[in-house]
Amino acid sequence: MKFWIGAGVVVAAAIGLALSPVNEYFFYASYVVLTAVVLATAWNILGGYAGYVNFGPPAFFGVGAYAAVVIFRWLALPLGAQIAVAALMGGLLGFGVGLLTLRLRGIFFAIATVAVIFIMETLMINWRYVGGATGLQLLRPEVMAPFASYTRMLFVVMAVMAVAAVSIARYVQDSWIGRGLRAVRDNEEAAEASGVPTLKLKLFACTISGGLMGAAGAPMPMYLSFIEPASTFNLSYTIAALGSAIIGGMSHWAGPIIGALLLGSLQQIVTVTISSEVNVLIVGVLLVLFVVAAPEGILGLFRRFRGRK
Amino acid sequence: MIFSFDLLFEAVLFGVLLGCFYAAVSIGLSVSFGLLDVPHVAHPAIMILGSYCTYIVSGWGLDPILSGVVLMPAFFVLGVLIYRFYYETFERRGTEAAVRGLAFFFGLAFIIEVGLILAFGVDQRTVQAPYIGSSLALGDYRIPYRMLVAFGVALVLTAALTVYLSKTFTGRAIKAVAQDEPALRLMGANPVRIKQWAFGIATGVSALAGAMLIIVGPVEPAMDRVYIGRTFCVVVLAGLGSMTGTLAAGLILGIAESIVLMMLGASWAPAVAFGLLLIVLGIRPQGLFGR
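A few points on the structure. (Residues numbered from 1 in each chain as written. Chains lettered and ligands numbered in written order. Predicted model: local features only at pLDDT ≥ 70, side-chain atom pairs only at ≥ 80, totals over all residues. Heavy atoms only, no water.)

Let us look at the nonpolar core. Of all hydrophobic cores here, the largest spans 209 residues; its most connected members are F55 and L242 of chain A together with F21, F33, F105 and Y227 of chain B. For this core, the leading source of residues is helix α8 (residues 191-216) of chain B, giving 15 residues. If near-sequence neighbours (up to four positions away) are discounted, F105 of chain B is found in contact with V38, P39, H40, V41, A42, I82 and Y86 of chain B. (Core = buried A, V, L, I, M, F, W, Y, C linked by side-chain atoms within 4.5 Å. Buried < 20%, exposed > 50% of the residue type's maximum accessible area, 1.4 Å probe, protein only. Helix = DSSP H or I, 4+ residues; strand = E, 2+ residues; numbered from the N terminus. Contact = heavy atoms within 4.5 Å.)

Structure below.
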């Protein structure tokens, strides 16, 4: 119950902010941070609970973005429909990749997800309809009342998606699915032997995770009014998703949120004040630092600190 | 596009040269991932680091290949240090190490890549040597000398490593550690020291592979990304840890990529390695020469 009140408060606050006269740049930056929250939360469903590392967030994210563009150009459907189709495509891709490689050891799944990024990118580079390598300019539709600008509206949409993603992750974590996934992570043979349907659970997690990442990509073309393969399928999304989850803590749904909010805000600040290269470097260094020194993430540090008192 | 056997022959010829080159850049990974089971996704990044070091050393007037050879001991030490660190922090702690080890190497790759961008910028770098830029005319075909040089070095490297692993005492010990580590431990050998040595060799070889990379074409920091696909494709297709398999798999990839390049154009070429990798993982994950 407390969770749902919190979720309601977050959505209400997002709408309230979007209607207030806060500087436009705030929404522009916050949108990116919220995207990171969705990506990290989605990543954690498979990576954190089941222990299968997915290097492919850009693939799912990009497929979602391109699905939205196709739906927009072809049928001129509104954003809601774009997101739904993007989630569907992301989920299908997750299911497909999972079916192909989740039977194998985790490293093979990880490498396969890298492969999917490049294959998707190559397909989009060679697909004229969505602009090919040079990309495609998109005309934003009319902004819906009561919002003063399209970016504000997208900010609210992304906030709702973040809340939805976290709710799904929380549900998965607390249900028998989450227990099964954790059993897979701790000892897959033992889990299989005690009757946990490991492959089905992994496939489910991979599909949900992919669907959420796809949904997160859907508003991106409208946010930029532009789409182009190289930046859409960029590995920086991988580092954002994986980094946030690891830095925040992978064992609980709150971890990726903490990680993404911290890391996302830090990245926004560093990109503006120093440079975008330094920003990637900081995330990389933080990732390695946490993986080595604080494998349980910020949540783990917090727990340890509280336990000592 | 007009199909002709002349063009096909040229594509296959170029593919063989390219394939040997791919085998050579993958052979380090074949040891570190194939034999030692280390999820070394930073292998291509270390190779690019090798390319940039070659760029610096050859800037002092040394031949690029020689520069690569000179760099090998330094990279050997680097490899020993990386493995030592990886072992102490992850491998020793067992189960959950898989996720964190992968994340560690991924982060390492990113740090190397961005470090290179900060130090050298995103521009492409090349080296100078007499054999770069000219080509050998064989009847109607023109084969660039730089490809021939890379081909030669690749063959020597693969042969040397194959002989080393099957004929010398330490080489056999490395193979033994890959096959049955607990047994080796029971016989009184220290598997960690053997693995450390092997990882050092794999990394040292990467320096020479990096030198070849910058001889074959211009190098930029973000190039490691596409080589993740090529190197892992070759190693998985070969069957983990098989040296002759690595050569065969490299040839398959090289020829496939070269034919796609000719038939469909350069924009499709990067997908060949990744596509082949997915197909192998789906159909025959143990590879062609799998154990």
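Moving on, there is more to tell.
Two numbers describe how helix α5 (residues 106-125) of chain A lies on helix α11 (residues 269-283) of chain B: the axes approach to 9 Å, and their chain directions differ by 140 degrees. Taken together, the axes of α5 of chain A and α11 of chain B lie oblique to each other. For the pair α5 of chain A and α11 of chain B, the crossing hand works out as left-handed. Between α5 of chain A and α11 of chain B, the contacting residues are F108, I111, A112, V114, A115, V116, F118, I119 and T122 of chain A on the first element and A271, F274, G275, L277, L278 and L281 of chain B on the second. Within the contact of α5 of chain A with α11 of chain B, the residues separate by chemical class into 13 nonpolar, two polar and no charged. (Axes fitted to C-alpha atoms, helices over the stretch in contact; angles between N-to-C directions. Parallel < 35°, antiparallel > 145°, perpendicular 65-115°, else oblique. Left-handed = near helix turned anticlockwise from the far one by under 90°. Nonpolar A, V, L, I, M, F, W, Y, C, P; charged D, E, K, R; others polar.)

Another aspect to go through is the environment of L35 of chain B. All names here are of chain B. Residue position: L35 is located in helix α1 (residues 5-35). Residue L35 is classed as buried on the basis of its relative accessible area, which comes to 7%. Separated by 64 residues in sequence, L35 and V99 have C-alpha atoms that sit 19 Å apart. Setting aside residues no more than four positions away along its own chain, L35 makes contact with S30, L165, I174, A178, G241 and M243.

Each partner contributes to the interface: chain A provides 41 residues, whereas chain B provides 38 residues. Summed over both partners, the interface of chain A with chain B buries about 3,700 Å², with 84% contributed by carbon and sulfur atoms. Interface area lost by chain A to chain B is led by F108, I111 and F118 of chain A, which between them contribute 14%. Applying the counting criterion to the chain A and chain B interface returns one salt bridge. Among the ionic pairs, D37 of chain B bridges to R105 of chain A, the shortest N-O distance being 3.2 Å. (Buried area = accessible area lost by both parts, 1.4 Å probe. Salt bridge = Lys/Arg side-chain N within 4 Å of Asp/Glu carboxyl O.)

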